[in-house]
Amino acid sequence: MSYQQYGISPQLVERIKLKMKNPAYKERIKNLVQGLSKADLQNSAKVHQMVRTITGILNERLSPAHEQQIVQFVLSQRIDPNNTFHLIKLWGMFR
């Protein structure tokens, strides 16, 4: 899986996936990411802030190195939230 190439552990991904099944967490995250654009997801500062906010909502503690790995992963994916193909690709990566 490509997220592992960035040093993101499968255990972290599984914990977050499990927490995202909670409707309260899911709704808060959904409201946070609603309206994001491709430009927002290519802005390192915005992505870094989102990672910090989301990990705070999910009560996950990440080291600065792990935060940076996640930011680099998001930036390198060049995600366009309005492109269905990009969203399907991400969904397949984290199923």
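Just so we're clear, the structure is a prediction, and the values are computed from it rather than from any experiment. (Residues numbered from 1 in each chain as written. Predicted model: local features only at pLDDT ≥ 70, side-chain atom pairs only at ≥ 80, totals over all residues. Heavy atoms only, no water.)

## A closer look at the confidence of the model for the protein
Any residue range with low pLDDT should be treated as having predicted coordinates unsuitable for detailed reading. Chain-level statistics for the protein give a pLDDT mean of 89 and a share of 99% at 70 or above. At the level of individual helices and strands, the protein shows its lowest average pLDDT in helix α6 (residues 84–93), which scores 80, and its highest in helix α4 (residues 44–57), which scores 93. (pLDDT = per-residue confidence, 0-100. Helix = DSSP H or I, 4+ residues; strand = E, 2+ residues; numbered from the N terminus.)

## Quick look at the environment of asparagine 59
For asparagine 59, the location among the structural elements is in the loop between α4 and α5 (64–77). With a relative accessible area of 56%, asparagine 59 lands in the exposed category. Each C-alpha atom, one on asparagine 59 and one on asparagine 43, is 24 Å from the other, the two residues being 16 residues apart in sequence. Each residue touching asparagine 59, except ones within four places of it in the same chain, is listed here: Lys19 and Tyr25. (Buried < 20%, exposed > 50% of the residue type's maximum accessible area, 1.4 Å probe, protein only. Contact = heavy atoms within 4.5 Å.)

## Comments concerning the pattern of salt bridges
Under the counting rule described, the total for this entry stands at five salt bridges. Of the charged contacts in the structure, one is a salt bridge between glutamate 14 and lysine 17, with a shortest N-O distance of 3.3 Å. Here the residue glutamate 14 and the residue lysine 17 both occupy positions in helix α2 (residues 10–19), the gap between them amounting to three residues, near one helical turn. Among the residues examined, lysine 17 registers a relative accessible area of 25% and is labelled partly exposed. (Salt bridge = Lys/Arg side-chain N within 4 Å of Asp/Glu carboxyl O.)

## Describing the layout of surface pockets
With a probe scaled to a water molecule rolled over the atoms, the places where space remains empty come into view. Roughly 1,300 Å³ of internal volume is contained in the largest pocket. Taken together, 29 residues form the lining of the largest pocket, with Ile16, Ile29, Ile54, Leu90 and Phe94 sitting closest to its centre. Here the lining of the largest pocket gets five residues from one element, more than from any other, and that element is α4. Counted by class, the lining of the largest pocket contains 24 nonpolar, one polar and four charged residues. (1 Å grid on protein atoms, 1.4 Å probe; cavity = no way out; pocket = protein on both sides within 12 Å on 5 of 7 lines; lining within 4 Å. Points joined across faces, edges and corners; volume = space filled by probe spheres on them. Nonpolar A, V, L, I, M, F, W, Y, C, P; charged D, E, K, R; others polar.)

## Describing the packing of α4 against α5
Each pair of packed helices gets described by two things: the angle between the helix axes and the distance between those axes. Two elements in contact, α4 and α5, have axes separated by 9 Å at closest approach and are oriented at 125°. Judged by the angle between their axes, α4 and α5 are oblique. Note that α4 runs across α5; the crossing there is right-handed. Residue-level contacts link Ser44, Val47, His48, Val51 and Arg52 of α4 to Glu67, Gln68, Ile70, Val71, Val74 and Leu75 of α5. Each residue belonging to the contact of α4 with α5 can be placed in one class, and the counts come to six nonpolar, three polar and two charged. (Axes fitted to C-alpha atoms, helices over the stretch in contact; angles between N-to-C directions. Parallel < 35°, antiparallel > 145°, perpendicular 65-115°, else oblique. Left-handed = near helix turned anticlockwise from the far one by under 90°.)

## A word on unusual backbone geometry
The backbone of asparagine 59 shows a phi angle near 55°, a positive value even though the residue is not glycine. Notably, arginine 78 is not glycine yet its phi reads approximately 50°, a positive angle. Residue position: arginine 78 is located in the loop between α5 and α6.

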